[in-house]
Amino acid sequence: MADFKTSSSILTKECLRTQICGEGEWPKNTVIYQPYETEQILLPDNSKCLSVKTFLKMAGLEFIVEARENAEYMSPHRGKVPFIKAGQFLVADFEPIVSFAQSKGYSLSTSLDETQKWDLRVYMALVNNVLLNAEIYVTWNHELTYKELTKPRYSSVYPFPLNHWATYNKRREMLSHLDVLGWKKKSLDEVFKEVERICESLSNFLGDKKYFFYEKPTELDALVFGHLFSIITTPLLNNRFAATVRAYDNLVQLCVRIETEFYQSRIL
């Protein structure tokens, strides 16, 4: 385990822990640290990493991505990924990274009025409380998915016997998280009902608008894209998760729009 914490110790010596500094230029050579995409990353972390990258692209902020097998052990905040190294600062997870950017004078929601800002906060909380927990449930609590997909992918980057120890502890942590929030004992049908309800709510709020708040994307668009695009494109044991999202055409078109505009690609 010491080997996997070495990078964290080095970064901690070089950087301050997560703090918010005064307004100024966006730090040059900002790095996003995340797990390896092809062989390691899991659905919940992929959603969060994509949300952060999309927000930074929408804000016009430059960054480079570095994949590390021990990214969660390098993170300054309880194993959360992604995290950024921006100048002297280490900042982990979507909302703290958004707040850090805002402290530098970069925001996607400054033009919103107070009612719109309230709506933005409410829907962002819903995404985190429902979509993220549904992703964690399917990844770590659904037994067959855990055995067939999660365990092999998560353990693949660790040597024996660390692969067993790390996977066991990560699952215990994730199940404890679900238990505290009342999600662990839900059935799979109940989880997908929750997903369906939030998709319906997001779809109704989006309507026929280009983005959730009309012509320009906000932090909500970045967050929703990160989760919905990951759900649609991540191979699972069945397509029920993706099918639930695909039932809402305007949400799919939002994903296509953001993918095309900010990634100059088309997968969906």
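Residues numbered from 1 in each chain as written. Predicted model: local features only at pLDDT ≥ 70, side-chain atom pairs only at ≥ 80, totals over all residues. Heavy atoms only, no water.

**Quick word on the overall build of the protein chain**
Next, step 1: Secondary structure assignment for the protein chain yields 11 helices and four strands.
Next, step 2: If one aligns the C-alpha atoms of the protein chain with their principal axes, the spans along those axes are about 50 × 50 × 35 Å.
Next, step 3: The buried share of the protein chain, taken over its 268 residues, is 51%.
Next, step 4: Here the contacts in the protein chain between residues at least 6 apart in sequence split such that 76% fall between residues at least 24 apart.
Next, step 5: Carbon and sulfur atoms make up 49% of the accessible area of the protein chain, which amounts to about 13,100 Å² in all.
Next, step 6: For the protein chain, the centre of its 32 positive side-chain charges and the centre of its 33 negative side-chain charges are spaced 4 Å apart. (Helix = DSSP H or I, 4+ residues; strand = E, 2+ residues; numbered from the N terminus. Buried < 20%, exposed > 50% of the residue type's maximum accessible area, 1.4 Å probe, protein only. Contact = heavy atoms within 4.5 Å. Areas by Shrake-Rupley, 256 points an atom, 1.4 Å probe, with all protein chains shown as cover. Lys, Arg positive; Asp, Glu negative; His and termini not counted. Charge placed at Lys NZ, Arg CZ, Asp CG, Glu CD.)

**Considering the sheet that holds strand β2 (residues 64-67)**
Next, step 1: Judged by pairing direction, the sheet is mixed, and its four strands sit side by side in the order β2-β1-β3-β4 without closing on themselves. Looking along the sheet, the strands with just one partner apiece sit at the ends: β2 and β4 (89-92). Averaged over all neighbouring strand pairs, the angle between strand axes comes to 25 degrees, with direction disregarded.
Next, step 2: Packing against the sheet, helix α2 (residues 43-58) makes contact with β1 (31-34) and β2, and its axis sits at approximately 165 degrees to β1. (Pairing = 2+ DSSP bridges. Axes fitted to C-alpha atoms, helices over the stretch in contact; angles between N-to-C directions.)

**Regarding the packing of aromatic side chains**
Next, step 1: Applying the stated criterion across every chain yields a total of 15 aromatic pairs.
Next, step 2: With a centroid separation of 6.4 Å and an interplanar angle of 80 degrees, the aromatic rings of Tyr 73 and Tyr 158 are classed as edge-to-face. Placement of Tyr 73 in helix α3 (residues 71-74) and of Tyr 158 in the loop between α6 (143-155) and α7 (162-180) is noted, with a sequence separation of 85 residues between them.
Next, step 3: In this structure Tyr 158 comes out as buried when scored by relative accessible area, which is 5%.
Next, step 4: Judged by centre distance (5.9 Å) and plane angle (15 degrees), the ring pair of Phe 205 and Phe 212 falls under stacked. Neither Phe 205 nor Phe 212 differs from the other in exposure class; each is buried.
Next, step 5: An aromatic cluster is defined as three or more aromatic residues linked by ring pairs; in this entry it consists of Tyr 73, Trp 140, Tyr 146, Tyr 154 and Tyr 158.
Next, step 6: In this structure, Arg 171 packs its charged tip against the face of Tyr 146, placed 3.8 Å from the ring centre.
Next, step 7: Sitting above the plane of the Trp 183 ring, Lys 186 keeps its charged end 5.2 Å from the centroid. (Phe/Tyr/Trp six-rings, centres within 6.5 Å; stacked < 30°, edge-to-face > 60°. Lys NZ or Arg CZ within 6 Å of the ring centre and 35° of its normal.)

**Here we look at the confidence of the model for the protein chain**
Next, step 1: Looking at the protein chain as a whole, the pLDDT averages 92, with 91% of positions reaching at least 70.
Next, step 2: Across residues 1-22, confidence stays below pLDDT 50; counting only partners more than four residues off in sequence or on other chains, it has 49 contacts. (pLDDT = per-residue confidence, 0-100.)

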